[in-house]
Amino acid sequence: MATATPRQRRKDARPQELLDAALALFVEKGFAATRSEEVAARAGVSKGTLYRYYPSKEELFKAMVRENLSVHIAESAAQAAQHRGSIAGLLVAMMRAWWARVGQSSAGIVCTLLMVEARHFPELARFYVEEVIQPSQDLLGALIERGIQAGEFRAVPVEATVHLLIAPLLHMMLHEHAFGEHRLCRHDLGAVELLEAQLSLLLHGLLAQPG
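Remember, it's a predicted structure, so these values are computed and weren't measured experimentally.

1. What about the overall build of the protein chain?
A count of helices and strands for the protein chain gives 9 helices and 0 strands. Ordered by position from the N terminus, the helices and strands of the protein chain form the series α-α-α-α-α-α-α-α-α. Across the 211 residues in the protein chain, those meeting the buried criterion constitute 41%. Residue pairs at least 24 apart in sequence account for 71% of intrachain contacts in the protein chain once pairs closer than 6 positions are excluded.

As structure tokens, this is what we get:
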């Protein structure tokens, strides 16, 4: 097998370098205020090279969402499909993993960015709903339905329960990325403590026989 040259290895790594540069700039400046040439400069390439991989800033953002969010949803869906044990245990493990991989990382800022800027970019908002929000809701809904059918969960309203699972995580992300770094709040609990409290409250509400 032929060994890749340094130039080829650099070329292969370029899409990821562009995505990393875009994420860093979107975190610093927001989507609307970031220009494509700034992303190219941060990655150390020309604007033409950027457009060769990503024809527009919108396509770059979509690729970044797929790289930082969609991949985790797909992994969780595969994990759920193979799972044969307690649904409550799986739900807790998935929520903890999501917070560790997304919520407390720079990828979590992508979610907060969309909350702020979606109304100005309807195409991106539609893409985000189809790529992230709907698959996440479908995955959690399917888990809750499995728990109900197995007799592990009470017959709760599935759609409403999905929103109750997601909403505290979104609140935690907003808090962490807006206020957490500055420690402005008087009684600032760690995000992990809040997550564990949420899971305890919700599971005791879901379980057919709390214990």
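Here the narrative resumes, following the displayed structure.
2. A look at empty space enclosed by the protein
With the rule as written, the count across this model stands at 1 cavity of 30 Å³ or more. Quantified by volume, the largest cavity comes out at close to 50 Å³. Surrounding the largest cavity, Phe31, Phe61, Leu113, Leu114, Glu117, Ala118, Phe121 and Leu124 form its lining. Of the residues belonging to the lining of the largest cavity, the class tally is 7 nonpolar, no polar and 1 charged.

3. Details of helix 2 (residues 36-43)
When we look at burial in helix 2, the residues that qualify are Ser36, Glu38, Val39, Ala40 and Ala43. Downstream of helix 2 by a residue or two, glycine 44 has a phi angle that is positive, lying close to 80°.

4. Some remarks on the environment of isoleucine 73
Note on placement: isoleucine 73 falls in helix 4 (residues 57-82). A C-alpha to C-alpha distance of 9.3 Å links isoleucine 73 and glutamate 131, two positions 58 residues apart in sequence. If we skip the residues at most four places from it in the chain, isoleucine 73 touches Glu131, Val132, Pro135, Ser136 and Leu139.

5. Here we look at the confidence of the model for the protein chain
The predicted model of the protein chain averages 84 in pLDDT, with 86% of residues at 70 or higher. The least confident element of the protein chain, judged by mean pLDDT, is helix 1 (residues 6-29) at 78; the most confident is helix 7 (residues 122-149) at 94.

6. As for the environment of alanine 40
Its place among the elements puts alanine 40 in helix 2. In this structure, the C-alpha to C-alpha distance between alanine 40 and tyrosine 51, residues 11 residues apart in sequence, is 9.1 Å. Ignoring any residue separated from it by four or fewer positions in sequence, one finds alanine 40 in contact with Val45, Ser46, Lys47 and Leu50.

7. A word on the layout of surface pockets
In this structure, the largest pocket spans a volume of roughly 680 Å³. Every residue lining the largest pocket is counted, 30 residues in all, and those nearest its centre are Ile73, Trp98, Val132, Ser136 and Ile166. Of all the secondary structure elements, the ones that give two or more residues to the lining of the largest pocket are helix 4, helix 5 (87-103), helix 6 (107-117), helix 7 and helix 8 (158-178). Broken down by element, the residue count for the lining of the largest pocket peaks at 9 residues, all from helix 7. In the lining of the largest pocket, the residues fall into 22 nonpolar, 6 polar and 2 charged.

8. A look at the packing of helix 4 against helix 7
As a packed pair, helix 4 and helix 7 sit with axes 10 Å apart at the nearest point and diverge in direction by 10°. Classed by the angle they form, the pair helix 4 and helix 7 counts as roughly parallel. For the pair formed by helix 4 and helix 7, the contact residues are Glu58, Phe61, Lys62, Val65, Arg66, Leu69, Ser70, Ile73, Ser76, Ala77 and Ala80 on the first element and Glu123, Leu124, Phe127, Tyr128, Glu131, Val132, Pro135, Ser136, Leu139, Leu143 and Arg146 on the second. A per-class count over the contact of helix 4 with helix 7 returns 13 nonpolar, 3 polar and 6 charged.

Rules and cut-offs
Residues numbered from 1 in each chain as written. Predicted model: local features only at pLDDT ≥ 70, side-chain atom pairs only at ≥ 80, totals over all residues. Heavy atoms only, no water. Helix = DSSP H or I, 4+ residues; strand = E, 2+ residues; numbered from the N terminus. Buried < 20%, exposed > 50% of the residue type's maximum accessible area, 1.4 Å probe, protein only. Contact = heavy atoms within 4.5 Å. 1 Å grid on protein atoms, 1.4 Å probe; cavity = no way out; pocket = protein on both sides within 12 Å on 5 of 7 lines; lining within 4 Å. Points joined across faces, edges and corners; volume = space filled by probe spheres on them. Nonpolar A, V, L, I, M, F, W, Y, C, P; charged D, E, K, R; others polar. pLDDT = per-residue confidence, 0-100. Axes fitted to C-alpha atoms, helices over the stretch in contact; angles between N-to-C directions. Parallel < 35°, antiparallel > 145°, perpendicular 65-115°, else oblique.

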